[in-house]
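Working through the structure, step by step
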Amino acid sequence: MDLILWRHAEAHDHPEPLTGRPGDSQDLARRLTPRGEKQATRMAAWLDRQLPDGARIWSSPAVRCEETVLALGRKYKLRDDLSPDGDPLALLELVQWPYGKSPVVVVGHQPTLGRVVARLLGLTEEDCSVKKGAVWWLRHRERDDVGQTVVVTVQTPELI
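Residues numbered from 1 in each chain as written. Predicted model: local features only at pLDDT ≥ 70, side-chain atom pairs only at ≥ 80, totals over all residues. Heavy atoms only, no water.

1. Here we look at the packing of aromatic side chains
For clarity, the threshold we go by: Here is the rule: rings of Phe, Tyr and Trp (six-membered ring for Trp) pair when centre to centre is within 6.5 Å. Planes less than 30 degrees apart are stacked, more than 60 are edge-to-face, and the remainder are tilted. We count a stretch as a helix when DSSP gives it H or I for four or more residues in a row; a strand needs E for two or more, and each element gets its number in order from the N terminus. Under the scheme applied here, a residue whose accessible area is under 20% of the maximum for its type counts as buried, over 50% as exposed, and between as partly exposed, the area being computed with a 1.4 Å probe on protein chains only.
Following the criterion strictly, the structure yields one aromatic pair and no others. When the centroid spacing of 6.2 Å and the interplanar angle of 85° are considered together, the rings of tryptophan 46 and tryptophan 137 count as edge-to-face. Remark: tryptophan 137 occurs in strand 5 (residues 135-143) and tryptophan 46 occurs in helix 2 (residues 34-50); sequence separation between them is 91 residues. Exposure class is identical for tryptophan 46 and tryptophan 137. Each is buried.

Okay, structure coming up:
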């Protein structure tokens, strides 16, 4: 199984006044900056060339995530449980890791995506930093009856 974690591209800061709580309506309404739009377009073009037609795509309902995934030009589904500060275990359950049959793309947020990376790679830190607009492509495989998580690639929009 392949799991592609895509952090939303650069977004505008909160308008004032701000409640400071991730997931509030102001936070969810944040849009991509012009730089973020370019990041999303570059990463989407690269991803589109790599992904098979049958890939499933999930996105946080935050506007910045939806604008990021729209650049891909493929069908996707929004999931509230992918909102900011989502539960990494809920994400893994949603994508049916590690037994899903098709590749899955998840467009989401830090720290959730970094926590999923850390968990799957057995890192001692609670989470791993995932740069805005970047993709972490992970693969589950069986070797000698032992499950392994392999990093296929880590891409940033600036290096594509």
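Don't stop here, the text continues.
2. Points about the pairing of strand 4 (residues 104-108)
Under the convention used in this document: Two strands make a pair as long as DSSP finds a minimum of two bridges between them.
Of all five residues that make up strand 4, five are buried, and the element is covered over most of its length. Of the two faces of strand 4, the one holding Val104, Val106 and Gly108 and the one holding Val105 and Val107 are both buried throughout. Across five bridges, strand 1 (residues 2-7) lies against strand 4 in parallel orientation. By the bridge assignment, arginine 7 is partnered in strand 4 with glycine 108. When strand 2 (residues 56-59) meets strand 4, the two strands line up parallel, connected through four bridges. Paired with isoleucine 57 across the bridge in strand 4 is valine 105.

3. Quick word on the nonpolar core
Note the threshold: Residues belong to a common nonpolar core when they are buried Ala, Val, Leu, Ile, Met, Phe, Trp, Tyr or Cys residues joined through side-chain atoms within 4.5 Å. Contact definition: two residues touch when any of their heavy atoms are within 4.5 Å.
Of all hydrophobic cores here, the largest spans 20 residues; its most connected members are Leu3, Leu5, Leu91, Val95 and Val106. Listed by contribution, the elements that provide at least two residues to this core are strand 1, helix 4 (88-95), strand 4, helix 5 (112-121) and strand 5. Setting aside residues no more than four positions away along its own chain, leucine 5 makes contact with Leu91, Val106, Leu113, Val116, Val117, Ala134, Val135, Trp136 and Leu138. In terms of nonpolar packing, the next biggest core, distinct from the first, is built from 17 residues, Trp46, Ile57, Ala62 and Cys65 among them.

4. What about the pattern of salt bridges?
Definition in use: The salt bridge criterion pairs a side-chain nitrogen of Lys or Arg with a carboxyl oxygen of Asp or Glu, the two atoms within 4 Å.
Under the criterion given, the structure shown has 10 salt bridges. A salt bridge links glutamate 158 to arginine 35, with the shortest nitrogen-to-oxygen separation between them at 3.2 Å. A residue pair is termed long-range when its members are at least 10 positions apart, and glutamate 158 in the segment after strand 6 (146-155) and arginine 35 in helix 2 qualify at 123 residues. Judged by its relative accessible area of 35%, glutamate 158 is partly exposed. For arginine 115, the salt bridge goes to aspartate 127, with nearest N and O atoms at 3.9 Å. Here arginine 115, found in helix 5, pairs with aspartate 127, found in the loop between helix 5 and strand 5; they are 12 residues apart in sequence, far enough to count as distant. Three or more residues joined by partner-sharing salt bridges are found here, namely Glu10, Arg35 and Glu158.

5. Some points on the side chain of arginine 30
Here is the rule: By the criterion applied in these results, polar contacts are pairs of N or O atoms within 3.5 Å in which, for protein atoms, one can donate a hydrogen and the other can accept it, and in which residues neighboring in sequence qualify only through two side-chain atoms.
Within the fold, arginine 30 resides in the loop between helix 1 (25-28) and helix 2. Residue classification places arginine 30 among the buried positions, given a relative accessible area of 13%. At a separation of 2.6 Å, a polar atom in the side chain of arginine 30 contacts the main-chain carbonyl oxygen of histidine 12. A polar contact of 3.0 Å, which involves the side chain of arginine 30, links it to the side chain of aspartate 27.

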